[in-house]
Amino acid sequence: MEMRMGEETEMGAELTPPLPPLASSLHDSHLLSHCSACFSPLSPSPPPPSPPTLLTLLSNNTNNPNTNPSFLRYCSPLCSASDSPLHFSTAEHHLFLLLLLPHSHPTTAHFSSHSSDLRAALRLLHILRPPPPLHTQPPNRVCGLLTNRHHFVSECDETLARIRDGGKAMAIARCMRDGREFSGDSRLEEALLCLVLTNAVEVQVNGGSALGIAVYDWCFSWINHTCSPNACYRFLPCSPETPLVSGEPGLQIVPGGDDEIEMENAVRSRSESIEGCNIYGPRIIVRSIKAIKKGEEVSVAYTDLLQPKAIRHAELWVKYRFSCCCSRCNASPPTYVDLVLQEILAESYMDEEIRELTDYVDDAIADYLSVGNPEACCEMLENVLVQGFPDEQLEPIVGKSRANIRLHPLHHLSLATYTTLASAYRVRASQLLDPHSESDGDELEALSLSKTSAAYSLLLAGATHHLFLSDSSLIASTANFWMNAGESLLSLARSSLWNSFVQGRLPLLNLLSLHSHKCYKCSLADKFEANSFGSEAHNGGLEDISKQFLNCISSITPKVWRSLIQAHHLCKIFKDPSDSNRPGKMETSKIWDFLAHSGCTSMDSLSQHEESINECEAQRDTNQERINLFKLGFHSLLYGGFLSSICYGPSSYLTCSIRDLLYGEGSLTGNSSHQKDSVTKFQV
């Protein structure tokens, strides 16, 4: 099945109204920061009670569906009234009991900390009309959605084990609810769990990490994957207080495919399915990121598009059991983006060496996220970027010599490394100034670390933008990284740490207003203030605004880049970016146009000026440098905001977040400072 465009549409158009989920569930069922029904953020409250124990669950009356389990949190009485009865009627409450009961069943041991897919499947079972008879072969489709069970059970792996064990746990929980013995048949529950694994999407609210999962009806779930999509989607928490927007577009896409009977059945059953679901669940909106012709298939990405083909295919097979055959995957020769994402700077190398290098980088990032040693992480990852794979990490291969392996600056591991280093240096600066830490609070060192963090953020944004110029499907990732770079640069420009450069305090700068440092070369600020980003996207203004943006930052970046990477080895890997373009394989422009004119692409040029930079350090116009950082920051932030308006709409939460950042308040994630969680933003 598939979805096609009903009428021709332009870039940045909404293709669906806000669609309610058939079923949704938080990853952490005891999450106290978001509503259990609509996933809306909750306002701060008194210290919450502890997560439920077996005693507290048993104390709830399992025969009274109107009882609100004590560990659930809601944003309003309406969300509570809509959602809390489902915990009993769907057997979720009984599933919790089963998971907490000691030695209740050997198959439930590994579900206690992650049962969102089981709970969503129970909710889908609850809305089936009519419910399938017991002890019968489960249908291949439920509510028009493919279960994919025959593919999941065809291979003996961890996924199959989870399906078998999860299906049994669901079946036992439903038997507990109905007061009957478990017959041993859990095929129906397995089929619904397979449906969730096939069709559920991770729900992110306001740019944060994934809160849970949701399954939507065929209007969304029939949209197929491609690695070069023409649409994307965003989530909209729909609490009872969410104002209704008049004039919302209707469904602009129509079902397509060869199975006309299935299409008719799905359309007929849609209203019945929605009647049984939670009306306040997180809604989803699909938007076009390219112009789409009438009758053209609408597609979205199910995986990270900044990964090379082999990794994309592996992830798609493990999660969804299909192999992608889209135009990007089947391109011969491979697309420029796919070539450069796996480009290795070595005369020859073996696959085993690449696997070892990948494991080394992945382990360094994983250790940083789990152990929290940013200094060790920076040392390990920068050694890989500057020197290549460390010799001491190489295992000898009998009868073969080792190649000197280095990553191309646009290799997918390089991109992941830039993301991690930007976070790690930011954390190091924060730790240095923490009054409760053992560090000496060196403000000058903290400022240097903050500069390096901003440099890596800028590097990542420029790298992704270079790839975006070759494949416009990467617009969401590009928007995200430009906004992160803008936030980092603005924070650096406004930092009080600059006072450590001079005797006494610096004069107060007005870095809270766009008007005080207005750019007359581009119209980004004017269009943002006029709330016209959306109309510019509709009118085909992407190319013009992008040119204006690149022209502006090409003139600003040289004024700040050397300061950002001073006394740092970052530039060594950019001795001449054009050298890494092999003739006949990489025929696009030089890497990162905005860095090509910044004076950092020539190591010889840098070394010639090294002494003069050091001599002039005391005479630097610090205020002017901060103003340039501010200008570069708001250009990056606004351009990322313009791209995000195409992906998510001009009225998304990002518009308010950008406005707050420009005037010195808030952040893109709603927190006052970024911690290690921001590393996961690379997974787009």
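Numbers given to residues run from 1 along each chain, matching the order in which its sequence is written. With the structure being a predicted model, the display of local features is reserved for residues of pLDDT at least 70 and the display and counting of side-chain atom pairs for 80 or more, all residues being used for whole-chain, interface and lining totals. Water and hydrogen atoms play no part in the side-chain values, which are based on all heavy atoms of the structure.

(A) The overall build of the protein chain, seen in detail. A run of DSSP states H or I qualifies as a helix once it reaches four residues; a run of E qualifies as a strand once it reaches two. Both are numbered from the N-terminal end. Each helix and strand counted, the protein chain has 25 helices and 13 strands in total. Exposure categories follow from relative accessible area, calculated using a 1.4 Å probe and restricted to protein chains: below 20% of the type maximum is buried, above 50% is exposed, and the middle band is partly exposed. Per-residue burial for the protein chain yields a buried fraction of 53% across its 684 residues. The contact criterion used is simple: two residues touch if any of their non-hydrogen atoms lie within 4.5 Å. At a minimum sequence separation of 6, the contacts of the protein chain that also span at least 24 residues come to 80%. Surface accessibility in these figures is a Shrake-Rupley result with a 1.4 Å probe; residues are shielded only by whichever protein chains are displayed. As displayed, the protein chain offers around 30400 Å² of accessible surface, 51% of which is attributable to carbon and sulfur atoms.

(B) Up close: helix H7 (residues 187-199). Working rule for helices: expected span equals 1.5 Å times residues minus one. If you check H7, its first and last C-alpha atoms are 18 Å apart, about what 13 residues at 1.5 Å a residue would give, namely 18 Å. With eleven of 13 residues buried, H7 lies mostly within the body of the structure. Regarding H7, the residues found buried are Leu188, Glu189, Glu190, Ala191, Leu192, Leu193, Cys194, Leu195, Val196, Thr198 and Asn199.

(C) Structural context of the sheet that holds strand S2 (residues 21-26). Any two strands between which DSSP finds at least two bridges are classified as paired. On the basis of which strands lie adjacent, the open sheet formed by three strands has the order S2-S6-S5 and antiparallel pairing. Each having just a single partner strand, S2 and strand S5 (201-204) make up the two edges of the open sheet. Ignoring which end each strand starts from, the neighbouring axes of this sheet average 35° apart. Strand direction decides the pairing type here: S2 and strand S6 (residues 210-216), joined by five bridges, are antiparallel. Bridge assignment links alanine 23 to a residue of S6, and that residue is valine 215. Working convention: axes come from line fits to C-alpha atoms, limited for helices to the stretch in contact. Angles between N-to-C directions cover 0 to 180 degrees. Of the strands in this sheet, S2 and S6 touch helix H4 (residues 116-127), which is tilted by about 150° from S2. In the packing of H7 onto the sheet, contacts are made with S5 and S6, and the angle to S6 comes to roughly 110°.

(D) Summary view of the packing of H4 against helix H6 (residues 158-178). Two elements in contact, H4 and H6, have axes separated by 10 Å at closest approach and are oriented at 55°. The orientation of H4 relative to H6 falls into the category oblique. For the pair H4 and H6, the crossing hand works out as right-handed. Where H4 approaches H6, its residues Asp117, Leu118, Ala121, Leu122 and Leu125 are matched on the opposing element by Arg162, Gly166, Ala169, Met170 and Arg174. For this classification, Asp, Glu, Lys and Arg are treated as charged, while Ala, Val, Leu, Ile, Met, Phe, Trp, Tyr, Cys and Pro are nonpolar and the rest, including Gly, are polar. A per-class count over the contact of H4 with H6 returns six nonpolar, one polar and three charged. Orientation categories follow fixed angle ranges, with anything under 35 degrees roughly parallel, anything over 145 roughly antiparallel, 65 to 115 roughly perpendicular, and all other angles oblique. In this scheme the handedness of a crossing depends on how the near helix is turned from the far one: anticlockwise by less than a right angle means left-handed, clockwise means right-handed.

(E) Focus on the packing of aromatic side chains. Pairing of aromatic side chains requires ring centres within 6.5 Å, counting the rings of Phe and Tyr and the six-membered ring of Trp. Pairs whose planes differ by under 30 degrees are stacked, by over 60 edge-to-face, and all others tilted. Under the definition given, this model contains 13 aromatic pairs. Between the aromatic rings of tyrosine 233 and phenylalanine 235, the centroid separation amounts to 5.8 Å while the plane-to-plane angle is 80°, which identifies the pairing as edge-to-face. Between tryptophan 482 and tyrosine 639, the ring centres sit 6.4 Å apart and the planes meet at 80°, which makes this aromatic pair edge-to-face. On the criterion of sequence distance, the pair formed by tryptophan 482 in helix H17 (residues 475-493) and tyrosine 639 in helix H24 (residues 622-648) is long-range, its members being 157 residues apart. On the basis of relative accessible area, tyrosine 639 is assigned to the buried category, the value being 0%. The structure contains a cluster of three or more aromatic residues connected by ring pairs, namely Tyr216, Phe220, Tyr233 and Phe235.

(F) Examining the environment of serine 84 more closely. Positionally, serine 84 belongs in helix H2 (residues 77-89). Between the C-alpha atom of serine 84 and that of arginine 73, which follows or precedes it by eleven residues, the distance is 9.5 Å. Within 3.5 Å is the distance limit for a polar contact, defined as a pair of N or O atoms, with the added protein rule that one can donate a hydrogen and the other accept it, and that residues adjacent in sequence qualify only through two side-chain atoms. In this structure the side chain of serine 84 is engaged in a polar contact, spanning 2.5 Å, whose partner is the backbone oxygen of serine 80.

(G) The arrangement of the nonpolar core in detail. If you look at the biggest cluster of nonpolar residues, it comprises 102 residues, and the most contacted ones within it are Leu467, Leu524, Leu564 and Leu643. Apart from the residues lying within four places of it in its own chain, the contact partners of leucine 643 are Phe468, Ile475, Thr478, Ala479, Trp482 and Leu542. In these notes, a set of buried Ala, Val, Leu, Ile, Met, Phe, Trp, Tyr and Cys residues joined through side-chain atoms within 4.5 Å is what counts as a nonpolar core.

(H) Here's a closer look at the side chain of serine 488. Its place among the elements puts serine 488 in helix H17. On the accessibility criterion, serine 488 (14% relative accessible area) is buried. Leaving out residues up to four positions away in the same chain, serine 488 has contacts with Ser453, Ala454 and Ser457.

(I) How the structure looks around the pattern of salt bridges. Counted as salt bridges are all cases of a side-chain nitrogen of Lys or Arg within 4 Å of a carboxyl oxygen of Asp or Glu. All chains considered together, the criterion is met by 17 salt bridges. Note that arginine 123 is salt-bridged to glutamate 92, the shortest N-O span being 2.4 Å. With a gap of 31 residues between them, arginine 123 in helix H4 and glutamate 92 in helix H3 (residues 92-100) connect regions that are remote in the sequence. Exposure remark for arginine 123: the relative accessible area of 7% places this residue in the buried category. Judged by relative accessible area, glutamate 92 falls into the buried class, the value being 1%.

(J) Examining a negative patch on the surface more closely. Residues Glu375, Glu379, Asp442, Glu443 and Glu445 make up a contiguous surface patch of negative charge. Looking at the negative patch, the elements that each hand over two or more residues are helix H14 (374-387) and helix H16 (443-470). With respect to the helices and strands, glutamate 379 occurs in helix H14. A residue counts toward a patch only above 30% relative accessible area and without a salt bridge, and it is joined to like-charged neighbours within 9 Å or, for Val, Leu, Ile, Met, Phe, Trp and Tyr, to nonpolar neighbours within 5 Å. The sign given to each residue is positive for Lys and Arg and negative for Asp and Glu; His and the chain ends receive no count. Charged groups are reduced to one reference atom each: NZ for lysine, CZ for arginine, CG for aspartic acid, CD for glutamic acid.

(K) Region of the structure containing H16. The end-to-end C-alpha distance of H16 is 41 Å, a good match for the 40 Å that 28 residues give at a rise of 1.5 Å each. When you tally the buried positions in H16, you get 21 out of 28 residues, the bulk of the element. The N-terminus of H16 is capped by aspartate 442, whose side-chain oxygen sits 3.0 Å from the backbone nitrogen of leucine 444.

(L) Fine view of the environment of leucine 316. Assignment of secondary structure puts leucine 316 in helix H10 (residues 309-320). Other than its neighbours up to four places away in sequence, leucine 316 contacts His225, Tyr302, Thr303, Arg321, Phe322 and Cys324.

(M) Representation of unusual backbone geometry in the model. With an omega dihedral of 0°, the bond running from serine 332 to proline 333 counts as a cis peptide bond. Relative to the helices and strands, proline 333 resides in the loop between helix H11 (327-330) and helix H12 (336-341). For alanine 91, which is not glycine, the phi dihedral falls at a positive 80°. Within the secondary structure, alanine 91 sits in the loop between H2 and H3. Phi is positive for arginine 321, close to 60°, though the residue is something other than glycine.

(N) Structural detail: the packing of helix H20 (residues 542-556) against H24. At a closest axis distance of 10 Å, the pairing of H20 and H24 adopts a crossing angle of 160°. When the interaxial angle is binned, H20 and H24 end up roughly antiparallel. Judged by the sense of rotation from one axis to the other, the crossing of H20 with H24 is left-handed. Contact residues: Leu542, Ile545, Ser546, Phe549, Cys552, Ile553 and Ile556 in H20; Asn628, Lys631, Leu632, His635, Ser636, Tyr639, Phe642, Leu643 and Ile646 in H24. Class assignment for the residues of the contact of H20 with H24 results in eleven nonpolar, four polar and one charged.

(O) Spatial organisation of the confidence of the model for the protein chain. A score from 0 to 100, pLDDT tells how confident the predictor is in each residue. In the predicted model, the protein chain carries a mean pLDDT of 77, and the fraction of residues at 70 or more is 70%. Contacts for the low-pLDDT stretch residues 575-616, under 50 throughout, to residues beyond four places or in other chains number 82 contacts. Contacts for the low-pLDDT stretch residues 671-684, under 50 throughout, to residues beyond four places or in other chains number 43 contacts.

(P) Highlighting the environment of asparagine 383. By the secondary structure assignment, asparagine 383 is in helix H14. Here asparagine 383 falls in the partly exposed class, since its relative accessible area comes to 28%.

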